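The primary structure of each chain is shown beneath.
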Amino acid sequence: MSALVMNEFKVLKEKNPLFVIDAIIQRHNVDPGAAIPILQDIQNAFGYVAPEVLERVSELTGIWASELYSIVTFYSQFRMEPIGENLIQVCHGTACHLAGAEKITEALQHETGARGGGTSPDGKFTLEKVACLGCCSLAPVITVNEETFGRLTPAAVGKVIGEVRKGKSDCAHDALVCGGGCSNG
Ligand code: FES
């Protein structure tokens, strides 16, 4: 979704969140075959797909709400609850699994108070388990708000979370590799 469209949705959201749903469905020409792209756009606009939104999509597209619900619960890309201030994706692909993704997950849960796939009680962090992030040579890898951290250790996780809590975005740790993304899998 382009920045322009996101901006338009932001303005509509401030007026009435339902206007955004209507605009998204219009963009897809009320096409019943566009259920997944519609739900993806809704998640991009709101950060999650609220169950009550499904009724509205159903009304406007003619797709059964139960079918929409099945899609949202079947595909792991969708979430039905709001995310915290910081989204942490923990790679559990093969390379990261072998390099200790479970230990990294435990350290993240300990540092943030969030459970896997859940949000910390203070609303600051959401942990999400994901498949390969495309930078296996840096395993184990996480992303924090789309910034990549690789060759992590449980101790380094504490440093990363500490910096995020302080609102720092620089990530000049000796033991870490970070950047806007990676493509050197
Ligand atoms: S398996 Fe984790 S980045 Fe590829």
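One can find the structure itself at the top, above this paragraph.
Residues numbered from 1 in each chain as written. Predicted model: local features only at pLDDT ≥ 70, side-chain atom pairs only at ≥ 80, totals over all residues.

Visitor: For the nonpolar core, give the residues involved together with the corresponding values.
Guide: Counting residues in hydrophobic clusters, the biggest one holds 25 residues, and the most contacted among them are V90, I104, V141 and I142. Apart from the residues lying within four places of it in its own chain, the contact partners of V90 are A101, I104, T105, L108, L127, K129, V130 and I142. V20, I21, V49 and I63 belong to the second largest nonpolar core, which has 15 residues in total. (Core = buried A, V, L, I, M, F, W, Y, C linked by C-beta atoms within 7 Å. Buried ≥ 20, exposed ≤ 12 C-beta atoms within 10 Å, placed from the backbone. Contact = placed C-beta atoms within 7 Å.)

Visitor: Summarise the pairing of strand 1 (residues 86-91); cite the residues concerned and give the values.
Guide: Here strand 1 runs beside strand 2 (residues 125-130); their pairing, made up of six bridges, is parallel. Residue pairing for strand 2: Q89 is matched across the bridge by E128. Pairing of strand 1 with strand 3 (residues 142-144), which is carried by three bridges, proceeds in the antiparallel orientation. Bridge pairing links Q89 to T143 in strand 3. (Pairing = 2+ DSSP bridges. Helix = DSSP H or I, 4+ residues; strand = E, 2+ residues; numbered from the N terminus.)

Visitor: I'd love a proper account of the packing of helix 3 (residues 35-46) against helix 5 (residues 65-74), names of residues and values included.
Guide: At their nearest, the axes of helix 3 and helix 5 sit 11 Å apart, and the two run at 65° to each other. Between helix 3 and helix 5, the crossing angle belongs to the class labelled roughly perpendicular. Helix 3 and helix 5 meet at a crossing whose hand is right-handed. Residues A35, I36 and L39 of helix 3 pack against L68, I71 and V72 of helix 5. Across the contact of helix 3 with helix 5, the residue classes break down as six nonpolar, no polar and no charged. (Axes fitted to C-alpha atoms, helices over the stretch in contact; angles between N-to-C directions. Parallel < 35°, antiparallel > 145°, perpendicular 65-115°, else oblique. Left-handed = near helix turned anticlockwise from the far one by under 90°. Nonpolar A, V, L, I, M, F, W, Y, C, P; charged D, E, K, R; others polar.)

Visitor: Break down unusual backbone geometry for me, citing the residues and quoting the values.
Guide: Geometrically, the link from A139 to P140 is a cis peptide bond, its omega value of 0° lying close to zero. Its location among the elements puts P140 in the loop between strand 2 and strand 3. Of note in the backbone geometry, E146 takes a positive phi value of approximately 75° without being a glycine. With respect to the helices and strands, E146 occurs in the loop between strand 3 and strand 4 (147-150).

Visitor: I'd like to hear about helix 2 (residues 17-27), residue by residue, with values.
Guide: Among all positions in helix 2, only V20, I21, I24 and I25 are buried. In an axial view of helix 2, the angular spread of the buried residues amounts to 130°, which keeps them on one side of the axis. Where helix 2 ends, the next residue or the one after it, N29, has phi of about 55°, a positive value. (Arc of directions from axis to C-beta.)

Visitor: Break down the packing of helix 2 against helix 4 (residues 51-61) for me, with residues and values.
Guide: Axes are the key here: two packed helices are described by the angle between their axes and the distance separating the axes. Where helix 2 contacts helix 4, the two axes come as close as 10 Å, and the packing angle between them is 40°. By the angle class used here, helix 2 and helix 4 are oblique. In this structure, helix 2 crosses over helix 4, and the sense of that crossing is right-handed. Packed against helix 2, whose contacting residues are L18, I21, D22 and I25, the element helix 4 presents V53, R56, V57, L60 and T61 at the interface. Taken together, the residues that form the contact of helix 2 with helix 4 break down as six nonpolar, one polar and two charged.

Visitor: Describe helix 3, listing the residues and the values that go with them.
Guide: Taking 1.5 Å of rise per residue, 12 residues should cover 16 Å, and helix 3 covers 16 Å from first to last C-alpha, within 8% of that figure. Turning to helix 3, its buried residues number three or more, namely I38, L39, D41, I42 and A45. Seen along its axis, helix 3 keeps its buried residues to an arc of 160°; they face one direction. Once helix 3 ends, the next one or two residues include G47, with phi positive near 90°. (Expected span 1.5 Å × (residues − 1).)

Visitor: Give me the lowdown on the environment of E111, citing residues and values where you can.
Guide: By the element assignment, E111 lies in helix 7 (residues 101-112). For E111, a count of 20 C-beta atoms within 10 Å corresponds to the buried category. For the pair formed by E111 and K159, sequence separation is 48 residues and the distance between their alpha carbons is 9.6 Å. Excluding residues within four positions of it along the chain, E111 makes contact with V157, G158 and I161.

Keep in mind these numbers describe shape, not what the thing actually does.
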